Amino acid sequence: GEGGEVGAEMLINLGNIYSDQGRLDEALVMHKRALRAYCRLHGDGHWTVENSRSNTGVVLFQKGELEGAMEKFEEAHAMLI
């Protein structure tokens, strides 16, 4: 597993650091792992899942993968309304 809640938080932190370093492929892997972990921990409707979808969208946007980014942002937004 991903180590529960703390493990998922660490994945987000690693993803953010990789993103800041310009290591976008590695950042994307970490954010996707965090997303899977939060879905497994809390189910699809939890705010941590929405946040992870948004984080994944940001990295996809930074990579120029606009279709994928838009999909993640739309999924995250749908959870808020």
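These remarks concern the structure in this document. Positions within a chain are numbered from 1, following the residues in the order the chain's sequence is written. With the structure being a predicted model, the display of local features is reserved for residues of pLDDT at least 70 and the display and counting of side-chain atom pairs for 80 or more, all residues being used for whole-chain, interface and lining totals. With hydrogens and water excluded, all non-hydrogen atoms of the structure serve as input to the side-chain values.

So, helix 2 (residues 24–42)
Labels follow the DSSP assignment, with helices taken as runs of H or I lasting at least four residues and strands as runs of E lasting at least two, numbered in each case from the N terminus. One fewer than the residue count of a helix, multiplied by 1.5 Å, yields its expected span. Helix length check: helix 2, at 19 residues, gives a terminal C-alpha distance of 26 Å against a target of 27 Å (1.5 Å per residue), a fit within 8%. Looking at the buried side of helix 2, the elements it contacts are helix 1 (4–20), helix 3 (47–62) and helix 4 (66–80). Gly43 lies just past helix 2 and shows a positive phi near 85°. Any two residues whose heavy atoms approach within 4.5 Å are treated as being in contact.

Brief notes about the pattern of salt bridges
The term salt bridge refers to a side-chain nitrogen of Lys or Arg lying within 4 Å of a carboxyl oxygen of Asp or Glu. Summed over the entire model, instances satisfying the criterion amount to six salt bridges. Two residues, Glu26 and Arg23, come together in a salt bridge whose shortest N-O distance is 2.8 Å. Think of it in three bands: with a 1.4 Å probe and only protein chains considered, a residue is buried below 20% of the maximum accessible area for its type, exposed above 50%, and partly exposed in between. What makes Arg23 partly exposed here is its relative accessible area of 34%. Residues Lys72 and Glu75 are paired through a salt bridge, measuring 3.6 Å at the closest nitrogen-oxygen approach. In this pair, Lys72 and Glu75 both sit in helix 4, three residues apart, roughly one turn of the helix. The exposure class of Lys72 is buried, given its relative accessible area of 17%. Judged by its relative accessible area of 28%, Glu75 is partly exposed.

Comments concerning the environment of Lys32
The topology assignment puts Lys32 in helix 2. Here Lys32 falls in the partly exposed class, since its relative accessible area comes to 38%. Separated by 20 residues in sequence, Lys32 and Ile12 place their C-alpha atoms 9.1 Å apart.

Description of the environment of Gly15
Mapped onto the elements, Gly15 comes out in helix 1. On the accessibility criterion, Gly15 (0% relative accessible area) is buried. With 30 residues separating them along the chain, Gly15 and Gly45 place their C-alpha atoms 22 Å apart. The residues touching Gly15, leaving out its near neighbours within four places in the chain, are Ala27, Met30 and His31.

Side note on the packing of helix 1 against helix 2
The contact between helix 1 and helix 2 brings their axes to 8 Å, and the two run at 160°. By the angle between their axes, helix 1 is roughly antiparallel relative to helix 2. Seen along the crossing, helix 1 lies across helix 2 with a hand that is left-handed. Here Gly4, Glu5, Ala8, Glu9, Leu11, Ile12, Leu14, Gly15, Asn16, Tyr18 and Ser19 of helix 1 come into contact with helix 2, specifically with Leu24, Glu26, Ala27, Met30, His31, Arg33, Ala34, Ala37, Tyr38, Leu41 and His42. In terms of residue class, the contact of helix 1 with helix 2 is built from 12 nonpolar, six polar and four charged. All axes are obtained by fitting lines to C-alpha atoms, using only the stretch in contact for helices, and the reported angles, taken between N-to-C directions, cover 0 to 180 degrees. Working definition: roughly parallel below 35 degrees, roughly antiparallel above 145 degrees, roughly perpendicular at 65 to 115 degrees, and oblique for all remaining angles. Helix crossings get a hand from a simple test, with the near helix turned counterclockwise from the far one by less than a right angle marking a left-handed crossing and a clockwise turn marking a right-handed one. Each residue gets one label: Ala, Val, Leu, Ile, Met, Phe, Trp, Tyr, Cys and Pro are nonpolar, Asp, Glu, Lys and Arg are charged, and the others, such as Gly, are polar.

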